[in-house]
Amino acid sequence: MVPSCYVHIPFCDSICSYCDFVRIQKNEMFFSNWKEQLIQEIQEYKIHDLHTLYFGGGTPSLLSVDDFSEIRNYFPTSIDEFTVECNPESLSDEKLGLYESLGVNRISLGVQSFKDELLQVCNRRHTVSQAVSVIEKIKKSSISTFSIDLIFGLPNQTMEDVKHDISMFLSLDIPHLSIYSLQIEENSVFGKTGIEPIDSDLEADMFEYIIKTLEEAGYIHYEISSFCKPGHHSRHNLAYWQDQDFYGIGCGASGRINGIRYDNTTSLKEYCLKGPCPTYISETLEERSMDAIMMALRTRFGLNILAWNERYQSDFRLKYVSILSKYAAYFEYSENHIYLNDAGLEILNTILVDFMMIE
């Protein structure tokens, strides 16, 4: 059984300045063909059972209530965790009510900042007051958990701005936060206009403040960019981090079945005419084993050493004894798992480079 499914909804009302995902401003000329191909792709997988379903994008909350209902009906009725990514300006009362009725029990809300000036820099369509209003509506709904996204390291963002964002987050009593440092991608608006990254020391200070403040407030830093109250971690994302298979459906989606990864076409025109046109990614057992390590060490759940040994026909402790010794102060162990402490997460990339040097 493949336990998880990601559905990519590529449409947006506008293009955010930092975004390099597959996204297209909604075009009614393509939309009906896109939906027809999406439904056909879902049916071809013959999905009878799922633990997690995630509608991401793009902006899934742009879908009309009728379109969302139609697509959702091609999936199993009972799903443990059903997440929909939403933007504050497109999550209406009607859509929120629809999500409740169709089994959505987790929302991921793209807030990005609690400063209107920074939202404008990012070319976001909502205001801070809109975001706060939508957050309060979600809290009053029957949807059991939700998360917001924030970004730090934005152009001209100061440490005081970051402190303001974290203070606002805590005051709103939100169960989960995904917070990312700005990565300036070549094909994003920021990349094309020559925006430079902020000072690396300031970025490190911002992240250190974020971790310290949220942990003191009782949030669990369970993945490098993710914080939650107990019991509110993203089960869907754990499928990626814990080396599980997952369906990837839609234009621009990626998936993994029987350990083989694939990328659907990123061309909306090609998708509408020919379907997903997946490209299968050829990986050696060694490459797959390294991917499993890299993903697992992002999280507080860490790597299951026994499961890794069995799946990848190797002895983790023996193979990587030099790294485990070199970074002994950064590793912690629990039963058969190994994971990084906070100090280790701060130098995660350095540690992973050393892992990749071992043949």
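These numbers come from a predicted model, not from an experiment.

The rules we used
Residues numbered from 1 in each chain as written. Predicted model: local features only at pLDDT ≥ 70, side-chain atom pairs only at ≥ 80, totals over all residues. Heavy atoms only, no water. Helix = DSSP H or I, 4+ residues; strand = E, 2+ residues; numbered from the N terminus. Buried < 20%, exposed > 50% of the residue type's maximum accessible area, 1.4 Å probe, protein only. Contact = heavy atoms within 4.5 Å. Areas by Shrake-Rupley, 256 points an atom, 1.4 Å probe, with all protein chains shown as cover. Lys, Arg positive; Asp, Glu negative; His and termini not counted. Charge placed at Lys NZ, Arg CZ, Asp CG, Glu CD. Patch = residues over 30% accessible without salt bridge, like charges linked within 9 Å, V, L, I, M, F, W, Y side chains within 5 Å. Salt bridge = Lys/Arg side-chain N within 4 Å of Asp/Glu carboxyl O. Expected span 1.5 Å × (residues − 1). Arc of directions from axis to C-beta. Pairing = 2+ DSSP bridges.

This part covers the overall build of the chain. For the chain, the count of helices and strands is 16 helices and 17 strands. Considering only C-alpha atoms, the chain reaches an extent of 55 × 50 × 40 Å along its principal axes. When the 359 residues of the chain are sorted by exposure, 52% land in the buried category. Restricting the contact set of the chain to residue pairs at least 6 apart, pairs at least 24 apart contribute 68%. Split by element, the accessible area of the chain, about 16500 Å² in all, is 49% carbon and sulfur. Of the side-chain charges in the chain, 29 are positive and 52 negative, and the distance between the mean point of each set is 3 Å.

A surface patch of nonpolar side chains, amounting to about 310 Å² of accessible area, comprises Val353, Met356 and Met357. If you trace the backbone, Met356 turns up in helix H16 (residues 348–357).

Here the focus is helix H5 (residues 128–140). Between its first and last C-alpha atoms H5 spans 19 Å; for 13 residues at 1.5 Å apiece the expected length is 18 Å, and the two agree. Looking only at H5, the buried set comprises Val128, Ala131, Val134, Ile135 and Ile138. Along H5, the residues classed as buried sweep out an arc of 125° about the axis, all on the same side. H5 presents Ser129 and Lys140 as exposed residues on the side facing more than 90 degrees away from its buried surface.

So, on to the sheet that holds strand S15 (residues 303–304). Ordered in space as S15-S17-S16, the 3 strands form an open sheet in which the pairing is antiparallel. At either end of the open sheet lies a strand with only one pairing partner, and these are S15 and strand S16 (331–334). Two elements, S16 and strand S17 (residues 337–340), share 4 bridges in a ladder whose sense is antiparallel. Looking at S17, one finds that Phe331 is bridged to Leu340.

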